[in-house]
Amino acid sequence: MENIRMKKIVIFILALIGFLTTIELAKVYYDANFNPYALSSFCTVNEFIDCDGIARTTESQFFGIPLAYWGMFLYAFMFLMLIADKLKNIKLFKFMEVFKNPLDYIGALGIISFTISMILLCISLFEIGKLCILCAFTYILNLLIGLIAIDFKNGGIIKSFKQSVTDFFDAVKNKAYLIAFIAVMLAAGAGLTYTTVTMKFAPQVKNAKMFNEFVKPKHNKYAVSGNTLGDENAKVVLYSYTDYRCPICKVNERMIHKLAKDLKNIRIEHKNLPLDMECNKYLTQPFHEGSCTMARYALAAKKQGKFWDIDNLFFEKQPADEAEMLKIAEEIGLNVEQLKKDANSPEIKQEVLKEIDEAYKQGINATPTSKIGNDVYVGIRAYTDLKKWAIENGAEKR
């Protein structure tokens, strides 16, 4: 009896530490996903030990609920089990009498949660490439709680799982408890359906789903032909600074094509910002090699009225050299000889340099960058946010 009492005290302390840790994890999650002004958390040390980075991934939630909240629920349930024998004597909590062997349930939950934790650790290390030290700490706590709760002298782990299943089936034999259990499961199912569909607590997942429309397709279904993207005489002009070797620029480019289709009174103007030492004097080391050449060919294609045609194909096909660029040009009906001559002309080369200089003078040195008026956004955002931004700056729905 004394041994059981000591076990409960130790488990209570560990579960309390775990509960407080998951509260901190919930705060990290909130700051990373909902608070744009939050500073980095104390457990974000470098590119590898990065709690904030992991909190922003789609893997940091389950059924639309942050994993930190699941952890809080786990430890809260353990607290409940530790005082089940006291609560069942209170009329309001008489249903707690169904929990006959609390330590077995805690032991089984501890082992299950530790097993899930190891799967999460593998995802963190091998898929995300980052480690959350607070998460790892709870993994150890879960294992310790499970090992302490299990009676290894009397059946061990198998007994804990077996007893948990037996007690569950004994409980639902009572019609009142069965109805209550079904009601709880239906409520939980409805709640999880809501969080999964709305992703209210997981904006990173919602954004990832939105990006899929622009990432997954092999071809840009919103691609236009010619030199004009949007309304030619539009009052709102969105300047898009891109690099043809920039992976996310391809996604951003597809977004602005859709934007031009969905909105009126807006025109998108492409600005070259190749991060390539061949033409970008502001760089100190090689980066997106070949993007200067593609920028020149894109501007040369503009002379023949097919800028957006070649722009789209450069992002899609990523030509390795000038020969492949000419092949793409031939496919869309450009005069290849004239194109080559224009692309290598002093005029086009100077135009590329001018666009780079203008970007850097405005403090723009990364791609993709979007600009409307004096409002500048660096990086890529969800399409709904991009659309909202354009409308706030004067564009209109078609």
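Residue positions are counted from 1 within each chain, in the order its sequence is given. Owing to the predicted nature of the model, reporting of local features is limited to residues with pLDDT of at least 70; listing and counting of side-chain atom pairs is limited to 80 or more, with chain, interface and lining totals taken over all residues. The side-chain quantities take in all heavy atoms of the structure and omit both hydrogens and water.

S.K.: How would you summarise the pairing of strand S8 (residues 375-378) if you had to cite specific residues and measurements?
M.R.: When DSSP finds two or more bridges between a pair of strands, those strands are recorded as paired. Secondary structure elements follow DSSP: runs of H or I of four or more residues count as helices, runs of E of two or more count as strands, with numbering from the N terminus. Two elements, strand S7 (residues 369-372) and S8, share four bridges in a ladder whose sense is antiparallel. The residue bridging Ser370 from the neighbouring strand is Tyr377, located in S8. Linkage of S7 to S8, two consecutive antiparallel strands, is achieved through a turn of two residues, within which Gly373 is found at a positive phi near 65 degrees.

S.K.: Explain the pattern of salt bridges to me, using residue names and the numbers behind them.
M.R.: Only one rule defines a salt bridge in this text: a Lys or Arg side-chain nitrogen within 4 Å of an Asp or Glu carboxyl oxygen. Evaluated as defined, the whole model comprises 15 salt bridges. A salt bridge links Lys8 to Asp85, with the shortest nitrogen-to-oxygen separation between them at 3.7 Å. Taken as a pair, Lys8 in helix H1 (residues 2-34) and Asp85 in helix H4 (residues 84-87) lie far apart in primary sequence, 77 residues in all. Remark: exposure states derive from per-residue accessible area (1.4 Å probe, protein chains only) relative to the maximum for the residue type, with buried under 20%, exposed over 50%, and partly exposed in between. The partly exposed category is assigned to Lys8, whose relative accessible area is 22%. Of the charged contacts, one joins Lys130 and Asp50 as a salt bridge, the two residues approaching to 3.1 Å between their closest N and O atoms. One end of the pair, Lys130, is in the loop between helix H5 (102-128) and helix H6 (133-149); the other, Asp50, is in the loop between H1 and helix H2 (51-55), with 80 residues separating them in the sequence. On the basis of relative accessibility, which here comes to 10%, the residue Asp50 falls in the buried class. A single salt-bridge network, built from bridges that share partners, covers Lys8, Asp85 and Lys86.

S.K.: Requested: an account of the nonpolar core, with residues and values cited.
M.R.: Nine residue types can take part in a nonpolar core, namely buried Ala, Val, Leu, Ile, Met, Phe, Trp, Tyr and Cys, and a core is a set of them joined through side-chain atoms within 4.5 Å. Residues Leu238, Leu259, Ile266, Ile310, Phe314, Leu339 and Leu386 are the most contacted members of the largest nonpolar core, which totals 43 residues. Filtering out sequence-adjacent residues up to four positions away, Ile266 remains in contact with Leu229, Gly230, Asp231, Ala234, Val236, Leu238, Leu259, Ala390 and Ala395. In terms of nonpolar packing, the next biggest core, distinct from the first, is built from 18 residues, Leu74, Met78, Tyr105 and Leu141 among them. Contact criterion: two residues are considered in contact whenever any of their non-hydrogen atoms come within 4.5 Å of each other.

S.K.: Can you tell me about the sheet that holds S7, naming the residues and giving the values?
M.R.: Spatially, S3-S6-S4-S7-S8 is the arrangement adopted by the five strands of the open sheet, whose pairing is mixed. Strand pairing shows two members of the sheet lacking a second neighbour, strand S3 (229-230) and S8, which therefore form its edges. As paired strands, strand S4 (residues 236-242) and S7 are joined by four bridges and run antiparallel to one another. Bridge assignment links Tyr239 to a residue of S7, and that residue is Lys371. Against the sheet, helix H12 (residues 307-317) engages S3, S4 and strand S6 (266-272), with an angle of about 60 degrees to S6. Against the sheet, helix H16 (residues 383-392) touches S4, S6, S7 and S8, its axis set at about 25 degrees to S7. For helices, the axis comes from a line fit to the C-alpha atoms of the stretch in contact; other axes are also lines fit to C-alpha atoms, and the angle between any two N-to-C directions lies between 0 and 180 degrees.

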